[in-house]
Each structure stands twice: as C-alpha cells, then as structure tokens.
Amino acid sequence: DTGEFMTENNIIGAAAVSKAGHDKDRSYIIIEADKGFVWLCDGKKRKFELPKKKSIKHIRILKHGDADFAGRVLSNSITDEEIKYFLRHLEVMDV
C-alpha cells in the first residue's frame, strides 16, 4: 500500500499512475493529498483547476518531482503545459 511509507505532504508533485477505474494506466501528477485520497491532474483531460479525486490505494507512485517542481505545485504556480511536459518526459525515460 502506497500510503504506508509516504506521508501526504511528500507525495505532492510526484508522478503516479492509476491502478484501477476507467482511467487505469493513465499518468498523473499528484497536486493534493488528504485522508487517504489524492487529487490528480494530467494537464490534458484533468486540468490543474479541476483535478480528479482518487483513493491512494488505486494509484502507484512512479517518480517524485524535484523540490522546485513540488513547490510550484504547492504554491499553485504551475501550468498545465508544464505538467504535460513533465509527464511526457517521464514516460520516455521510465516506461
């Protein structure tokens, strides 16, 4: 279970993939976490302004963003274009 070794604060800005639901295998960025749930965006279908709420049990963390990236997510100063860029490069490197 992803939640056992990670706190909700240190997964903000991390890349994750959905393990269940109609969006299975879709990559997202975690923009918020609270009480066993995360809010996800991909910059395309799920924009930063309208994230998807999902149980943390139904995602797999792929990679943490760097501190600057996470800080920009937390301060709401990141764009959908930057999120798409991060996910696009993650897929090329890690999948």
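Residues numbered from 1 in each chain as written. Predicted model: local features only at pLDDT ≥ 70, side-chain atom pairs only at ≥ 80, totals over all residues. Heavy atoms only, no water.

Caption draft 1: Seen up close, the nonpolar core. The biggest cluster of nonpolar side chains holds 25 residues, and the ones touching the most others in it are I29, I30, V38 and I59. If you list the elements that add at least two residues to this core, you get strand 1 (15-18), strand 2 (27-34), strand 3 (37-41), strand 5 (59-63), helix 1 (67-74) and helix 2 (80-94). Apart from residues no more than four positions distant in its own chain, V38 is found in contact with I11, I30, E32, A33, K52, K53, K54, I56 and I59. (Core = buried A, V, L, I, M, F, W, Y, C linked by side-chain atoms within 4.5 Å. Buried < 20%, exposed > 50% of the residue type's maximum accessible area, 1.4 Å probe, protein only. Helix = DSSP H or I, 4+ residues; strand = E, 2+ residues; numbered from the N terminus. Contact = heavy atoms within 4.5 Å.)

Caption draft 2: Structural view of the sheet that holds strand 5. Strand order in this open sheet of five strands is 4-3-2-1-5, and the pairing throughout is antiparallel. The open sheet has two edge strands, strand 4 (52-55) and strand 5, and neither has a second partner. The average angle at which neighbouring strand axes cross in this sheet is 45°, direction not considered. Across five bridges, strand 2 lies against strand 3 in antiparallel orientation. Along strand 3, the bridge assignment pairs I30 with L40. (Pairing = 2+ DSSP bridges. Axes fitted to C-alpha atoms, helices over the stretch in contact; angles between N-to-C directions.)

Caption draft 3: Expanded view of the pairing of strand 3. Counting buried positions over the five residues of strand 3 gives four, a clear majority of the element. One ladder, built from four bridges, connects strand 3 with strand 4; its direction is antiparallel. The residue of strand 4 that forms the bridge with W39 is K53.

Caption draft 4: Spotlight on the packing of aromatic side chains. Per the stated rule, a full pass over the model turns up one aromatic pair. The lysine or arginine in question, K53, covers the ring of F37, its NZ or CZ lying 4.5 Å from the ring centre. (Phe/Tyr/Trp six-rings, centres within 6.5 Å; stacked < 30°, edge-to-face > 60°. Lys NZ or Arg CZ within 6 Å of the ring centre and 35° of its normal.)

Caption draft 5: Summary view of the confidence of the model for the protein chain. Taken over all residues, the pLDDT of the protein chain has a mean of 86, while the share at 70 or more is 85%. Confidence scores differ between elements of the protein chain, with helix 2 showing the lowest mean pLDDT of 81 and strand 3 the highest of 97. Counting contacts from residues 1-5, a segment whose pLDDT is below 50, to residues more than four positions away or on other chains yields five contacts. (pLDDT = per-residue confidence, 0-100.)

Caption draft 6: Region of interest: the side chain of D80. For D80, the location among the structural elements is in helix 2. Here D80 sits buried without a salt bridge, and the closest side chain of opposite charge, K47, lies 4.6 Å off (N-O distance). The contacts of D80, once residues within four sequence positions are left out, are G43, K47, F48 and E49. (Lys, Arg positive; Asp, Glu negative; His and termini not counted. Salt bridge = Lys/Arg side-chain N within 4 Å of Asp/Glu carboxyl O.)

Caption draft 7: A look at unusual backbone geometry. One non-glycine residue, D25, adopts positive backbone phi at about 75°. Its location among the elements puts D25 in the loop between strand 1 and strand 2. A relative accessible area of 58% means that D25 is categorised as exposed. Look at K35: it is not a glycine, yet its phi comes out positive at around 50°. By secondary structure assignment, the location of K35 is in the loop between strand 2 and strand 3. Classification of K35 by relative accessible area gives exposed; the value is 70%.

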